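Letter by letter, the chains look like this.
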Amino acid sequence: MMTDHSTLFIGGEWVAPSSAQTITVISASTEEVIGSVPEAQEADVDAAVSAARSAFTDPDGWPTWSPEDRAAAMERFADALDKRIPEIARHISSQNGMPLTTSTQFEASFPALLLRYYAGVIREATFESEHPHLMGGRTVVRREPMGVVGAIVPWNFPQSLAAFKYAPALAAGCTLVIKPSPETVLDSIPLAEAVKEAGIPPGVINFVPGGREVGAYLVSHPGVDKISFTGSTAAGRIIGETCGRLLRPVTLELGGKSAAIILDDAELDLESMGQDLFQATMLNNGQTCFLGTRILAPENRYDEVVDMFEALAGSLKVGNALEESTQIGPMASSAQRERVEGYIAKGRSEGARLVTGGGRPADQDKGWFVEPTIFADVDNNHTIAQEEIFGPVLSLIRYTDEADAVRIANDSEFGLGGSVWTKDRERGLGVARRVQTGTIGINQYLPDPKAPFGGVKASGLGRELSPEALTHYQQYKSIFSA
Ligand code: NAD
């Protein structure tokens, strides 16, 4: 099904773009063209920022709405998104190769959950409090919305990661200009329609589909007050530098190379743990930032762990992302597949042992597929253990004892996700506390919307989700009086 769209959603309307340039979207599974949208130019970004600014400064505008009114509008937005779950899921899976079950369960459903969660948070929160001044008199402390937010989103979870930004930003009273990734622009059409249907005021959310130039222009735009970015560490560093120079607040959610630590008492039974293990290490064809792609296995059970992962990889159904039974779809783009294949070649040349996979599946003649791939005898210094691959490729690394496992887990530039596998939750917690990371799971990995999500070290700055994220879209004002 083709989706050709000729307008941009700016200022609450579908408007003509400033140029005839378009972004063409190609199906990751079939390599066929599936749609196009206008490519935003600098003039369109100017218009979007100006619309967001007007919506923010309007005397009756979004930030002046009571938390109750904002919460009600956010719930209408959630209802409008719920109606579009199948449409959004199909767009995502066609574009980036995410298996349809994942795009339906996570991508197309999570944003509404998050909107309702933050609606609840602002109904409970107090944005203004008063206390006696420590040196006499009274002080009022306010939490005010930051203003216009530039939100830059990657292609791997385009809807959820946009919602990680717009849900707390809307709750705080900010307005937004969202820049989707060129690979995944079609799903922002139903998203914008939901914004309109929900009666979110014109200009509160605007979309500027485009590549890195458009993103860079938005980051340094004088009309933007805050940048919220999810993407690669390389781009995050550039954006962080720009924001540092401009003294512009920035949240950076970046890459990862997390460890899945299998303790020596772990069950190692695919029947009972296979689904959780898959989700923690290979979700979305390995194109997920928080995955534990370094599997740390105890020396005395190393061969068992290798066998288990070989069996897991062999059991996965690889196929067209739109088929219900597919567990591993294609890579999002041919460039992404080349990148993944480059790492597989590097793994081989640096001496890791290829246990299974490593090639393209023989039964897929179209689409950017890579076989689920397991490398054993990986040294933590190997390139495949240090760099983010962003594909279905796991590295199995030996450790001697618990302290060694924690040392290897922490011997990484990154610190975003991870997991610990054990029969003993308390023991798992003890290990989890020692891993340098922003988030970690025990016998599973599933981010909790009520808990802060984000990374340490090169995995980012700041946190998303939870009441904590709201504070990234607010600034404090203290008013002293007699
Ligand atoms: P990317 O950094 O290439 O692009 C991400 C987004 O930023 C895109 O919209 C892109 O157009 C834009 N962009 C790129 N360079 C820019 C610049 N200099 N200025 C402004 N905008 C710019 O990343 P990607 O390949 O789209 O996504 C994959 C990466 O995202 C992986 O590294 C992954 O780990 C990371 N990621 C992180 C999280 C997280 O929460 N930490 C979540 C998902 C993905």
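Concerning helix H9 (residues 233-246)
With 14 residues, H9 extends 20 Å from end C-alpha to end C-alpha; this agrees with the ideal 20 Å at 1.5 Å per step. All buried positions along H9 are accounted for by Thr233, Gly236, Ile239, Thr242 and Cys243. Where H9 terminates, the next one or two residues include Leu247, which has phi positive at roughly 50°.

A look at the domain arrangement of the protein
Taken domain by domain, the protein consists of domain 1 (3-254 + 458-481) and domain 2 (259-448). Spacing between the C-alpha centres of domain 1 and domain 2 amounts to 31 Å. The partner domain 2 presents 32 residues to the 29 residues of domain 1 that form the contact. When the two sides are added together, the surface that domain 1 and domain 2 hide from each other amounts to roughly 2400 Å², 59% of it contributed by carbon and sulfur. When the buried area of domain 1 at its contact with domain 2 is split by residue, Ser29, Glu31 and Trp155 rank highest and sum to 20% of it. Taken together, the links from domain 1 to domain 2 amount to one salt bridge. Glu413 is the partner of Arg237 in a salt bridge, and the nearest nitrogen-oxygen pair spans 2.8 Å. Linking domain 1 to domain 2 there are eleven residue pairs in polar contact (both at pLDDT 80 or more). The leading source of residues in the side of domain 1 that touches domain 2 is helix H3 (residues 85-96), at five residues.

A few points about the site of the ligand
Taken together, 26 residues lie around the ligand, and Val153, Lys179, Ser232, Leu254 and Glu388 are the ones closest in. Between Gly231 and the ligand, the recorded distance is 3.3 Å, taken from a backbone N or O atom to an oxygen atom. In the environment of the ligand, an oxygen atom lies 2.6 Å from a nitrogen or oxygen atom belonging to the side chain of Ser232. Bound to the protein, the ligand loses 92% of the 840 Å² it would expose on its own.

As for the pairing of strand S11 (residues 226-230)
The two faces of the sheet receive side chains in turn, since in a regular strand these alternate between them. In terms of burial, S11 is a largely internal element, five of the five residues being buried. Alignment of strand S8 (residues 148-152) against S11, held across four bridges, turns out to be parallel. Directly across from Gly150, in S11, lies its bridge partner Ile227. Sheet topology places S11 next to strand S12 (residues 250-253); four bridges connect them, and they run parallel. Counterpart to Thr230 in the pairing with S12 is Glu253. The β-α-β motif built from S11, the intervening H9 and the parallel element S12 has right-handed crossover chirality.

Description of the packing of aromatic side chains
Scanning all chains against the criterion turns up ten aromatic pairs. Both rings, one in Phe110 and one in Phe164, keep their centres 5.8 Å apart while their planes meet at 50°; by these two values the pair is tilted. Separated by 54 residues along the polypeptide, Phe110 in helix H5 (residues 110-124) and Phe164 in helix H6 (residues 158-172) bring together distant segments of the chain. Here Phe110 matches Phe164 in class, with each residue buried. Aromatic ring contacts, followed pair by pair, group Phe110, Phe164, Phe290, Tyr445 and Phe453 into a single cluster.

Basis of the calculations
Residues numbered from 1 in each chain as written. Predicted model: local features only at pLDDT ≥ 70, side-chain atom pairs only at ≥ 80, totals over all residues. Heavy atoms only, no water. Helix = DSSP H or I, 4+ residues; strand = E, 2+ residues; numbered from the N terminus. Expected span 1.5 Å × (residues − 1). Buried < 20%, exposed > 50% of the residue type's maximum accessible area, 1.4 Å probe, protein only. Domains from an automatic or database assignment. Contact = heavy atoms within 4.5 Å. Buried area = accessible area lost by both parts, 1.4 Å probe. Salt bridge = Lys/Arg side-chain N within 4 Å of Asp/Glu carboxyl O. Polar contact = N/O pair within 3.5 Å; in protein donor to acceptor, adjacent residues only side chain to side chain. Near = heavy atom within 4 Å. Areas by Shrake-Rupley, 256 points an atom, 1.4 Å probe, with all protein chains shown as cover. Pairing = 2+ DSSP bridges. Right-handed = clockwise from strand over helix to strand, strands pointing away. Phe/Tyr/Trp six-rings, centres within 6.5 Å; stacked < 30°, edge-to-face > 60°.

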